[in-house]
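Survey of secondary and tertiary structure
Residue strings, one per chain:
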Amino acid sequence: MLSSGSQSCFQTKLWAVPRNIQKPEIQEMGNKEMSTLQSCSLFPGNKILLQGLPRRRARMNVGTAHSEVNPNTRVMNSRGIWLSYVLGIGLLHVVLLSIPFFSVPVVWTLTNIIHNLSMYIFLHTVKGTPFETPDQGKARLLTHWEQMDYGVQFTASRKFLTIMPIVLYLLTSFYTKYDRIHFIINTISLMSVLIPKLPQFHGVRIFGINKY
């Protein structure tokens, strides 16, 4: 037997959701009917009538609210960021190849240098965060690399960003046929982005450069 409250709710739901109603019609129901149905679903015997109804999801204000104290720590773990990074390198290489007076060895060396220079500036030079963080200004003195994964070493993102310059360096050396000049330039470029990534240099400012 249903209680009086359950019976009235059961009748309301029968009135609000006829048996021959279609899903598009359900989605057009007003807030009043949906709130009534949601309140009626509290009765255990009536939950079966709500099967197939669309659930309303809570929305978050993107850009103004986030779950991380510092979003810089997780940006390299975002969905698709690794693929976008690789596609960006490929796009840069294709653009350089389209320049008529650049030879293939020069294009590969330029791709390697521009990539390493950009990553050095982005990961190891620029400090702070573009987000408002409640960390009392601690991120202000840290580079992006030092903020990643809250400073935890050898995470997946750190390994990926360490391996990619090495892979690009090997490809560049192969396509430049190990020319001495290209080899020296590319090796120096590689070291400029690998050495700052070592755990021994975490938070280290050589000669006080970029300390503040």
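Residues numbered from 1 in each chain as written. Predicted model: local features only at pLDDT ≥ 70, side-chain atom pairs only at ≥ 80, totals over all residues. Heavy atoms only, no water.

Another point: helix α5 (residues 104-124). In this model, α5 (21 residues) spans 29 Å end to end at C-alpha, consistent with the 30 Å of a helix rising 1.5 Å per residue. Listed in full, the buried residues belonging to α5 are V107, W108, T109, T111, N112, H115, N116, M119, L123 and H124. The secondary structure elements touched by the buried residues of α5 are α4 (81-97), α6 (144-147), α7 (156-175) and α8 (180-194). (Helix = DSSP H or I, 4+ residues; strand = E, 2+ residues; numbered from the N terminus. Expected span 1.5 Å × (residues − 1). Buried < 20%, exposed > 50% of the residue type's maximum accessible area, 1.4 Å probe, protein only. Contact = heavy atoms within 4.5 Å.)

Turning next to a nonpolar patch on the surface. The grouping of L97, V104, I163, V167, L171, F174, Y175, Y178, F183, I184 and I188 at the surface amounts to a nonpolar patch, some 1000 Å² of accessible area in total. Of all elements in the fold, only α7 and α8 reach the threshold of two or more residues within the nonpolar patch. For the nonpolar patch, the element with the most residues is α7, which contributes five residues. Relative to the elements of secondary structure, V104 occurs in helix α5. For V104, a relative accessible area of 42% translates into the label partly exposed. (Patch = residues over 30% accessible without salt bridge, like charges linked within 9 Å, V, L, I, M, F, W, Y side chains within 5 Å. Areas by Shrake-Rupley, 256 points an atom, 1.4 Å probe, with all protein chains shown as cover. Salt bridge = Lys/Arg side-chain N within 4 Å of Asp/Glu carboxyl O.)

Turning to the packing of aromatic side chains, a few remarks are in order. For the coordinates displayed, the defined rule picks out six aromatic pairs. Judged by centre distance (4.5 Å) and plane angle (5 degrees), the ring pair of W82 and F160 falls under stacked. Residue W82 is found in helix α4, and its partner F160 is found in helix α7; the two are separated by 78 residues along the sequence. The partly exposed category is assigned to W82, whose relative accessible area is 33%. What makes F160 buried here is its relative accessible area of 14%. (Phe/Tyr/Trp six-rings, centres within 6.5 Å; stacked < 30°, edge-to-face > 60°.)

This part is about the pattern of salt bridges. One pass over the structure, following the stated rule, counts two salt bridges. We note a salt bridge from R74 to D149, for which the minimum N-O separation is 3.5 Å. On the criterion of sequence distance, the pair formed by R74 in the loop between α3 (31-40) and α4 and D149 in the loop between α6 and α7 is long-range, its members being 75 residues apart. Taking the relative accessible area as the measure of exposure, R74 reaches 37% and is therefore partly exposed. Residues E146 and R205 are paired through a salt bridge, measuring 2.9 Å at the closest nitrogen-oxygen approach. Residue E146 is found in helix α6, and its partner R205 is found in the segment after α8; the two are separated by 59 residues along the sequence. As far as the burial class goes, E146 and R205 line up, both buried.

It is worth spelling out the side chain of T111 at this point. By the element assignment, T111 lies in helix α5. Those residues in contact with T111 that lie beyond four places of it in its chain are I89, L92, H93, L96 and L168.

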